[in-house]
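# Residue-level structure breakdown
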Amino acid sequence: MALLISIEIEVELVIHHSHHLRNIVVKRLELPGLSFRVTPDSTIGGYPIEALDIPPRASHPDGEPRYDLLNFRLKTKLDCSHFHRGQKVLVEKLQVE
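Below or above, wherever it landed, is the structure these notes cover. Treat the numbers as computed from the prediction; the structure is a model and nothing was measured.

### With respect to the overall build of the protein
- Within the protein, the secondary structure is distributed over zero helices and six strands.
- Rg of the C-alpha trace for the protein: 13 Å, near the compact-globule value of 13 Å for 97 residues, within the 12% margin.
- Counting only C-alpha atoms, the protein reaches 45 × 30 × 20 Å along its principal axes.
- Total accessible area computed for the protein in this model is approximately 6200 Å², and 55% of it derives from carbon and sulfur atoms.
- For the protein, the centre of its 12 positive side-chain charges and the centre of its 13 negative side-chain charges are spaced 5 Å apart.

Structure representation (structure tokens):
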């Protein structure tokens, strides 16, 4: 039986400017070293996630790369409207690898 977890995150950016983009870039607030994958039942803030996309390329003000960001793709673009920068929510039903 797979171990499912939830992690607390903070929304950094909502990307929904084109037909195909429906991503939420988030910062992990806990469990920084834990590896996991999205399941068919995974949600962010109660809204279904389709995938964990390639991590965004971002840097701190000093130019150092940011490795604390994750990039989740929502199942529907309409769900993007439920998220805003600074919002703290749970990502639930992630499978530990």
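### Description of the nonpolar core
- Counting 19 residues, the largest nonpolar core has I44 and F72 as the members making the most contacts within it.
- Elements that contribute at least two residues to this core include exactly β1 (4–15), β2 (23–28), β3 (36–44), β5 (69–74) and β6 (88–96).
- Looking at this core element by element, the count peaks at five residues for β1.
- Once residues lying within four places of it in the same chain are set aside, the contact partners of I44 are I9, I24, V26, I49, F72, L74, F83, V89, L90 and V91.

### Describing the side chain of Q95
- By secondary structure assignment, the location of Q95 is in strand β6.
- Side-chain polar atoms of Q95 contact the side chain of R37, separated by 2.8 Å.
- Those residues in contact with Q95 that sit more than four places away from it in its chain are A2, L3, L4, S35, F36, R37 and T39.

### Some remarks on unusual backbone geometry
- Positive phi is not limited to glycine here, since K93 has a value of about 60°.
- Note that K93 resides in strand β6.

### Comments concerning the pattern of salt bridges
- Using the criterion set out here, one finds six salt bridges in the structure.
- Residue E12 is joined to R66 by a salt bridge in which the shortest nitrogen-to-oxygen separation is 3.3 Å. Here R66 lies in the loop between β4 (47–52) and β5 and E12 lies in strand β1, a separation of 54 residues in the sequence. Across this residue pair, the class does not change: E12 and R66 are buried.
- A salt bridge links R73 to D53, with the nearest nitrogen and oxygen atoms 2.5 Å apart. Pair noted here: R73 is in strand β5 and D53 is in the loop between β4 and β5, with a separation of 20 residues, a long-range link.
- Beyond isolated ion pairs, a larger network of salt bridges with shared partners links E12, R66, D68 and R85.

### Quick look at the environment of H84
- Here H84 shows up in the loop between β5 and β6.
- Along the chain, H84 and E10 lie 74 residues apart, while their C-alpha atoms are 9.4 Å from each other.
- If we skip the residues at most four places from it in the chain, H84 touches V11 and V14.

So, how was this worked out
Going along each chain's sequence as written, the residues are numbered from 1 onward. Reporting of local features is limited, given that this is a predicted model, to residues whose pLDDT is at least 70; pairs of side-chain atoms are given and counted only at 80 or more, and all residues count toward the totals for whole chains, interfaces and linings. The side-chain figures draw on all heavy atoms in the structure; neither hydrogens nor water molecules are used. Starting at the N terminus, helices and strands are each numbered in turn, a helix being any DSSP run of H or I of at least four residues and a strand any DSSP run of E of at least two. Using C-alpha atoms as the atom set, the radius of gyration is obtained and then compared with a globule rule of 2.2 Å times the number of residues to the power 0.38. Values of accessible area rely on a 1.4 Å probe in the Shrake-Rupley scheme; residue burial ignores everything except the protein chains shown. Counted as positive: Lys and Arg. Counted as negative: Asp and Glu. His and the chain ends are not counted at all. The atom standing in for a charge is NZ when the residue is Lys, CZ when it is Arg, CG when it is Asp and CD when it is Glu. We call a set of buried Ala, Val, Leu, Ile, Met, Phe, Trp, Tyr and Cys residues a nonpolar core when their side-chain atoms join them within 4.5 Å. Burial classes: relative accessible area under 20% of the type maximum marks a residue as buried, over 50% as exposed, and values in between as partly exposed (1.4 Å probe, protein chains only). By definition in these notes, contact holds between two residues if any of their heavy atoms fall within 4.5 Å. The term polar contact refers here to a pair of N or O atoms within 3.5 Å; inside protein, the definition further demands a hydrogen-donor-capable atom paired with an acceptor-capable atom, and it admits residues adjacent in sequence only when both atoms are side-chain atoms. For this analysis, a salt bridge means a side-chain nitrogen from Lys or Arg found within 4 Å of a carboxyl oxygen belonging to Asp or Glu.

Structural measurements only, silent on function.
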